[in-house]
Structures are given as structure tokens and as C-alpha cells.
Amino acid sequence: MWTSVQRILKPYQRLQVADLGPFEGVWTTDDAGKADVLAQRFFPAGPSTREFQQRSERRRQEVEDWLAEDWEDIPSVTTEEVQWKLLEMRAFAAPGQDGILAQCLQASRAVLVPCLTELFQRMLQLGVHPASWKTARVLPVPKPGADLHAAKGYRPIALLSVLSKVMESLMKDRMSYILETRGLLSDCQQGFRQTRSTELALWRFVSSASLAMKTRCRCVAVALDIQSAYDTVDHPALLWKLRQKSLPRYMVAWTRAFLQHRTVVLRVNESEFSYPIRAGVPQGSPLSPTLFLVYVDDLLQQLSRVVHCQAFADDMFIWDIVATRGPCPPGVQHALHLVESWSDEWGMAFNVSKCQAIDITTLRATTPLAVLLHGETVPQVTVLKYLGVWVDSQLRWDHHIRESCRLCLDRLRSIHRMCATYWGLHP
């Protein structure tokens, strides 16, 4: 019901990108300049240092040599799984650059599914992905309450080909099955996995923090923020990690083709501009979350040996139970040193200003935290939002209750305005 109410209260508006700037005192007013500014933020190129590029080239060559060896048998693609994946697509979802709706494909599935089955099987055998499926249409959507004259005030919405998403969804299931049945992913990863949820992640953390408070200890936690997480995945490094997980060669070869030579068509007002993509996993792809889980899995493996940790995709959270009252718990600081080393090795940056540290305890005389990441002090807060829940430093939940009530009242008032002026629903 709430979705219908929102559609009534928020009529359709054409997306417009305002003038951006000022940059060195100059405003960007033309569509081409706006597109360049937004592209620099939406599609970062990744690390360009010589040392990182040399490591990336070595990994790429190792993967190429490995793929040149004899491949394993490729499991057959069945018409049943293709039809099931096709019917799973939202019928009226916005199409990609080709303009083909899922509803059209679903209506013609009797003729289309056998052709797609044969096509997908050949793609796996040859390790290829059609070039026309590797172009995404990207729309910059304003963030609520953000400064629309700054590039950071917009978020990219990527629209992909429905046919490509059917293939990606099929490969996601195959890859996830291998990773889960062989136990290749850390138990600390809670996102985009069967039998895992935000509730389980919150329960693990709150149970540990409650036990610390009952034993008169401190629970020092740090929420880590990865800057442009999905957009900065290094392709050779990802393929190298897929090989390290012992995934079949056909799967790694197809993933290589899927990631290579991608482009985006960025729409700014009435104009469109094309840009190449050299790093990152495609936004909006069913396969991208699984690929990202593989990319960060070794970091979670390292952190779990030092402190408590868990992640929900790119939302990483570490904590430790300490009995001392010092400003820098050794376990947490050691874990942050591991984060620094991993960041330098794999080319993913952490935004220290958006990371948050919290000291959960009932002890009164505690020293303010002074944990460092990349030489900067992680900001300490008394309340932080984790997986949609506000956690305070004494686990009282009063802040979360206030915020939940405020959101509920806002929605009730919106429904009240929709009904009439003098009668209708009341909070």
C-alpha cells in the first residue's frame, strides 16, 4: 500500500542535473561538462600507482596461463532453469540500452527459451559475452536532501539488458552453489547468502555487546566504510581470487569476458555520453554481489582471527571485548592495521571520515577512543546506525524507538493528507 501512496504523493518528474560547481570558481553548465564531472565520481579508474599496476598485470598473466590449460567438463544449461530465470524478471522493470522489456521476453518464452538455452551453452563453452549486453544505461538520480550542485548529490541508477541479466542470474546461482557447498566463504559474511539476514547479523553483535556489559567490560566497535566499493574492484585481482577459490575454468573465463570492455551511456538531461569502464563490478547485475563477496572474503578471514567481525556485502563491522579502559584497544587497532595492508594490496580505499567508532559500556570513567586508520583518528560517536538499527553506547534503544516513531508518524501524516483535509487516518 505504501508504494501506491508514494506514487500518488510524488508525481512523475523528469530527472534534471543542475549546474555543478563551482570548481576553482567556475561553474559547469553544459551537459557534456556535467557528464564528465559525474563520470569521474560514478566510475573511478582505481589505483594508478606503478606498483599496483605491476601486481595487477602479474595476476592477469597468471589467470591467462591457467585458463590456457585444459578445461573441465561444462555442465549443461537446461531449458527449465532458463525459463525459471526469465520468469523471475520483473515484467515492467526499466529496460537496458536495447529497450527490450522483460514482459516481451516472457510472453514469447515458448519460442525464445530453446534459443537462449543454446546461446548460453555456447557462451560458456567459448568463454564469451556479447558486446551489446555489456553497455549499461546510467541515469543520475538526486539524493534526498542533498546539494544538487555537487556531483556527490547524485547516485547512478544503471539499467542493464534483460537478456544479459538472465544469463548473469544463472551464473550467480552456479557460482553461489560452489562457494556455499565447498565452504569457500567466511561465516562472517551475512549478505546475499541463503539462510543469512540482517537480523542474524544484528543478533550476533548485540548478543556479544550485551555479554560485555554484563561482565563489566567494554565492547569497542568500528563501522568501516569502503569508498565506492563496487566501482573499485580490480578485474585481474577478482579473476585471480576466483581462481584461488578453485572455481571451474569455464566460469572464470566467462566472468573475464563479462567484465572486459564494458561501457556506460550516461544520460544528462536530454543528452547521452559514452564512457569506458575499467574497474568495478556492474551496478544492478544479479552477479555483482556474489563477485564482491569473493573479492573481500580474504579480508574477513584475516579479521576473524583477531577480533569479532561481520559484513553485510560492503557494510563491514568489527568489534572486540576489552576489560581495560585505555583509548586504543590493541585488538581493534591491530585489526585496523590489517585493513590498511589489505587496502593497499587490493586497491580498495576506506573513507576514514565516514567510519565510526563506538564504545558500548556501563562503566563511567572511560577514556575517549583513539583508534587510527591510515594515520587518521576514526570519529567516535555515541549512536550509530547499523543495518537500519540505531545502536547507542548503552544499548538502551531509546534513540532507535524515537526514530522509528518519527518515520511512522511521517507516513501516517502523508496518508492523512492524501485522504482529505478534515477527515482521514490519524496517528
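In the block above lies the structure referred to throughout.
Residues numbered from 1 in each chain as written. Predicted model: local features only at pLDDT ≥ 70, side-chain atom pairs only at ≥ 80, totals over all residues. Heavy atoms only, no water.

S.K.: When you look at the overall build of the protein chain in this model, what are you seeing that I'm missing?
M.R.: Tallying secondary structure elements over the protein chain gives 13 helices and 14 strands in all. In terms of overall dimensions, the protein chain is globule-like: its C-alpha atoms have a radius of gyration of 24 Å, near the 22 Å expected for 427 residues. Across the 427 residues of the protein chain, 46% fall into the buried class. Within the protein chain, contacts between residues separated by at least 24 positions form 73% of all contacts whose residues are at least 6 apart in sequence. Within the structure as shown, the protein chain displays about 21,800 Å² of accessible surface, and the carbon and sulfur contribution to it stands at 54%. Averaging the coordinates of the 48 positive side-chain charges in the protein chain and doing the same for the 44 negative ones gives two points 6 Å apart. (Helix = DSSP H or I, 4+ residues; strand = E, 2+ residues; numbered from the N terminus. Rg over C-alpha atoms; globule rule 2.2 N^0.38 Å. Buried < 20%, exposed > 50% of the residue type's maximum accessible area, 1.4 Å probe, protein only. Contact = heavy atoms within 4.5 Å. Areas by Shrake-Rupley, 256 points an atom, 1.4 Å probe, with all protein chains shown as cover. Lys, Arg positive; Asp, Glu negative; His and termini not counted. Charge placed at Lys NZ, Arg CZ, Asp CG, Glu CD.)

S.K.: Quick question: what am I supposed to make of the sheet that holds strand S10 (residues 356-360) here?
M.R.: Pairing between the strands of a sheet is mediated by backbone hydrogen bonds and can be parallel or antiparallel. Overall, antiparallel pairing links the four strands, which are arranged S8-S9-S5-S10 in an open sheet. Of all the strands in the sheet, just strand S8 (308-312) and S10 have a single pairing partner and so form its edges. Adjacent strand axes in the sheet meet at a mean angle of 15° when their direction is disregarded. Two strands pair when backbone bridges link them, and strand S5 (residues 218-225) and strand S9 (residues 315-322) are joined in this way by eight bridges, in the antiparallel orientation. Looking across to S9, one finds that Ala-221 is bridged to Trp-319. Across the sheet, helix H8 (residues 198-214) lies against S5, S8, S9 and S10, angled at about 155° from S8, the strand it touches most. (Pairing = 2+ DSSP bridges. Axes fitted to C-alpha atoms, helices over the stretch in contact; angles between N-to-C directions.)

S.K.: I would appreciate a short explanation of the state of the cysteines in the present structure.
M.R.: In protein chemistry, a disulfide is the covalent bond that joins the sulfur atoms of two cysteines. One pass over the structure, following the stated rule, counts zero disulfides. Of all cysteine sulfurs, the one in Cys-217 lies closest to Cys-219, which takes part in no disulfide; the gap is 10 Å. Of the residues examined, Cys-219 reaches a relative accessible area of 0% and is grouped as buried. The cysteine Cys-328 is free of any disulfide, with Cys-355 supplying the nearest cysteine sulfur at 15 Å. By relative accessible area, which is 34% here, Cys-328 ends up partly exposed. (Disulfide = S-S within 2.5 Å.)

S.K.: How should I be thinking about the pattern of salt bridges in this particular structure?
M.R.: A side chain of one charge can pair with a side chain of the opposite charge when the charged atoms of the two come close. If you walk through the whole model with that rule in mind, you get 25 salt bridges. With a shortest N-O distance of 3.2 Å, Arg-55 and Glu-51 are connected by a salt bridge. Placement of both Arg-55 and Glu-51 in helix H3 (residues 50-67) is noted, with a separation of four residues, approximately one turn of the helix. Arg-55 gets classed as buried once you look at its relative accessible area, which sits at 11%. (Salt bridge = Lys/Arg side-chain N within 4 Å of Asp/Glu carboxyl O.)

S.K.: Please explain the environment of Phe-258 as it appears in this structure.
M.R.: Of note, Phe-258 is situated in helix H10 (residues 249-259). Apart from residues lying up to four places away in sequence, Phe-258 is in contact with His-129, Lys-134, Glu-168, Pro-282, Ser-285, Leu-287 and Leu-291.

S.K.: Would you mind going over the nonpolar core with me for this structure?
M.R.: Buried together is how nonpolar side chains tend to be arranged in soluble globular proteins. Core analysis: the largest hydrophobic core is formed by 80 residues, its most contacted members being Phe-120, Leu-224 and Ile-318. Those residues in contact with Leu-224, other than ones at most four positions away along the chain, are Asp-314, Met-316, Ile-318, Leu-336, Val-339, Phe-350, Cys-355 and Leu-373. (Core = buried A, V, L, I, M, F, W, Y, C linked by side-chain atoms within 4.5 Å.)

S.K.: Even after reading the chapter, I still don't get the packing of aromatic side chains, so can you show me in this structure?
M.R.: Geometrically, a pair of aromatic rings is defined through the distance of the ring centres and the angle of the planes. In the structure shown here, the tally under the stated rule is 13 aromatic pairs. When the centroid spacing of 6.0 Å and the interplanar angle of 75° are considered together, the rings of Phe-42 and Phe-43 count as edge-to-face. In this pair, the class of Phe-42 matches that of Phe-43, namely buried. Pairing Trp-240 with Trp-346 gives two aromatic rings, centres 5.8 Å apart and planes at 35°, and the pair type is tilted. Of this pair, Trp-240 sits in helix H9 (residues 235-244) while Trp-346 sits in helix H12 (residues 330-346), and the two are 106 residues apart along the sequence. Grouped by ring-pair contacts, the aromatic residues Phe-205, Phe-317, Trp-319 and Tyr-386 constitute a single cluster. Positioned above the aromatic ring of Tyr-295, the side-chain terminus of Lys-241 is 4.4 Å from the ring centre. (Phe/Tyr/Trp six-rings, centres within 6.5 Å; stacked < 30°, edge-to-face > 60°. Lys NZ or Arg CZ within 6 Å of the ring centre and 35° of its normal.)

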